[in-house]
Amino acid sequence: MEASRRVSLLLLAIIWCSVCLVCRAQIPIPARTDGFVYGGKPPAWGETVVVEAFFDPVCPDSRDAWPALKKAVEHYGSRMSVVVHLFPLPYHSYSFIACRSIHTVNKINPSFVYPLLEKFFKCQEGYYNQPTYAKSRATVVDEITKNLVASIIGETNLAKYKAGFNDSQSDQAARISFKNGCARGVTGTPYFFVNGIPINVSGSPLGYKYWISILDPLVGKM
């Protein structure tokens with residue numbers, strides 16, 4: 001009887017700990033849906049084919065995956081919607097800083113988001129782990145501001161950018177993006193969902209022909 005009672009108490013303790021962990025793990029609910037719509041057309045569930053892409057701005061595979069997906073958007077036009085979620089990989093030292101930069105310029109003007117993302121893709125080799133190893137965080141942030149951000153947002157917006165980059169909102173937004181990806185099973189970048197379903201070959205760039213092979217049958221059924 002005593003042994004049975006101990007087992008029951010142990011089970012209750014395990015259940016209680018599990019409940020506490022679940023409560024503690026609740027992702028903060030953002031004021032707006034995570035992700036950035038490409039081309040300004042919001043995803044219309046049931047009316048367009050919706051592709052969600054999880055990208056790391058300093059990931060070479062994310063960089064290589066973007067042109068083919070962008071070309072597919074241009075091909076299908078209003079029949080397709082694309083949302084890019086930022087997913088800073090922890091083993092890329094300055095990925096989180098890059099993601100914060102993009103969230104910050106979005107607050108200034110959403111039209112700055114994709115030009116800055118593409119600028120990161122173009123210049124990302126300068127912000128890999130090895131080139132930044134001996135530099136301080138402040139130095140790297142200053143280089144990103146001068147070399148990447150300024151040419152996108154203009155000198156007149158730099159004060160807003162610097163103020164926004166140092167507040168807690170961009171930090172929180174980047175964290176939510178990462179937690180959103182983790183909650184959906186994202187393990188690397190690029191990672192893709194089509195109409196909410198993960199693509200099995202995520203984790204490496206997908207070519208234009210591959211996108212056409214996936215999207216043509218879906219668009220045809222719209």
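Above this text sits the structure in question.
Not measured: the values here are computed from a predicted model.

Quick notes on the packing of aromatic side chains
Within this structure, the stated rule accounts for twelve aromatic pairs. Their ring planes at 25 degrees and their centres at 5.0 Å tell us that Phe 87 and Phe 178 sit as a pair that is stacked. Of this pair, Phe 87 sits in the loop between strand S3 (80-86) and helix H3 (95-108) while Phe 178 is found in helix H7 (residues 168-183), placing the two residues 91 residues apart along the sequence. Classification of Phe 87 by relative accessible area gives buried; the value is 3%. Through pairs of rings, three or more aromatic residues link up here, namely Tyr 38, Phe 55, Trp 66, Tyr 114, Phe 121, Phe 192 and Trp 211. In this arrangement the basic side chain of Lys 71 is found over the ring face of Tyr 208, its NZ or CZ atom lying 4.4 Å from the centre. The side chain of Arg 100 reaches across the aromatic face of Phe 165, ending 4.8 Å from its centre.

Looking at the side chain of Thr 48
Relative to the helices and strands, Thr 48 is located in the loop between strand S1 (36-37) and strand S2 (49-55). Side chain to side chain, Thr 48 and Ser 81 meet in a polar contact 3.0 Å long.

A word on the environment of Val 51
Position of Val 51 relative to the elements: it lies in strand S2. When sequence neighbours within four positions are dropped, the list of residues in contact with Val 51 reads Leu 69, Met 80, Ser 81, Val 82, Val 83, Phe 193, Val 194, Trp 211 and Leu 215.

Side note on the sheet that holds strand S5 (residues 197-198)
In spatial order, the strands read S1-S3-S2-S4-S5; together these five strands make up an open sheet with mixed pairing. Because the sheet does not close on itself, it has two edges, and the strands there are S1 and S5. In terms of strand pairing, strand S4 (residues 191-194) meets S5 through two bridges, oriented antiparallel. Bridging across to S5, Phe 193 finds its partner in Pro 198.

Comments concerning unusual backbone geometry
Residues Thr 189 and Pro 190 are joined by a peptide bond in cis, for which omega reads -5 degrees. On the secondary structure map, Pro 190 appears in the loop between H7 and S4. A positive phi angle is found at Asn 195, which is not glycine, with a value near 50 degrees. Looking at the secondary structure, you find Asn 195 in the loop between S4 and S5.

Focus on helix H4 (residues 113-123)
Taken as a whole, H4 has its buried residues at Val 113, Tyr 114, Leu 116, Leu 117, Phe 120 and Phe 121. Angular distribution of buried residues about the axis of H4 spans 165 degrees; they occupy a single face of the element. Where H4 is buried, its residues touch S1, S2, helix H2 (60-76), S3, H3 and helix H5 (137-153).

A few points about the layout of surface pockets
Volume-wise, the largest pocket comes out at about 310 Å³. Every element with two or more residues in the lining of the largest pocket is listed here: H3 and H7. Of all the elements, H7 adds the most residues to the lining of the largest pocket, at six residues. For the lining of the largest pocket, the class distribution of residues is five nonpolar, seven polar and three charged.

Considerations on the packing of H3 against H7
When two helices pack together, you describe them by how their axes are tilted relative to each other and by the distance separating the axes. The N-to-C vectors of H3 and H7 enclose an angle of 115 degrees; their axes lie 8 Å apart at closest approach. Once H3 is placed against H7, the crossing between them reads as right-handed. Packed against H3, whose contacting residues are Phe 96, Cys 99, Arg 100, His 103, Thr 104 and Lys 107, the element H7 presents Gln 169, Ser 170, Asp 171, Ala 173, Ala 174, Arg 175 and Ser 177 at the interface. Partitioning the contact of H3 with H7 into residue classes produces four nonpolar, five polar and four charged.

Side note on the nonpolar core
In this structure, Phe 55, Leu 69, Met 80, Ile 144, Phe 192, Trp 211 and Leu 215 are the most contacted members of the largest nonpolar core, which totals 52 residues. Those residues in contact with Phe 55 that lie beyond four places of it in its chain are Ser 62, Ala 65, Trp 66, Leu 69, Val 84, His 85, Leu 86, Phe 87, Phe 121, Thr 189, Pro 190 and Phe 192. Core analysis: the second largest hydrophobic core is formed by six residues, Phe 54, Phe 87, Val 186 and Phe 193 among them.

How each quantity is defined
Residues numbered from 1 in each chain as written. Predicted model: local features only at pLDDT ≥ 70, side-chain atom pairs only at ≥ 80, totals over all residues. Heavy atoms only, no water. Phe/Tyr/Trp six-rings, centres within 6.5 Å; stacked < 30°, edge-to-face > 60°. Helix = DSSP H or I, 4+ residues; strand = E, 2+ residues; numbered from the N terminus. Buried < 20%, exposed > 50% of the residue type's maximum accessible area, 1.4 Å probe, protein only. Lys NZ or Arg CZ within 6 Å of the ring centre and 35° of its normal. Polar contact = N/O pair within 3.5 Å; in protein donor to acceptor, adjacent residues only side chain to side chain. Contact = heavy atoms within 4.5 Å. Pairing = 2+ DSSP bridges. Arc of directions from axis to C-beta. 1 Å grid on protein atoms, 1.4 Å probe; cavity = no way out; pocket = protein on both sides within 12 Å on 5 of 7 lines; lining within 4 Å. Points joined across faces, edges and corners; volume = space filled by probe spheres on them. Nonpolar A, V, L, I, M, F, W, Y, C, P; charged D, E, K, R; others polar. Axes fitted to C-alpha atoms, helices over the stretch in contact; angles between N-to-C directions. Left-handed = near helix turned anticlockwise from the far one by under 90°. Core = buried A, V, L, I, M, F, W, Y, C linked by side-chain atoms within 4.5 Å.

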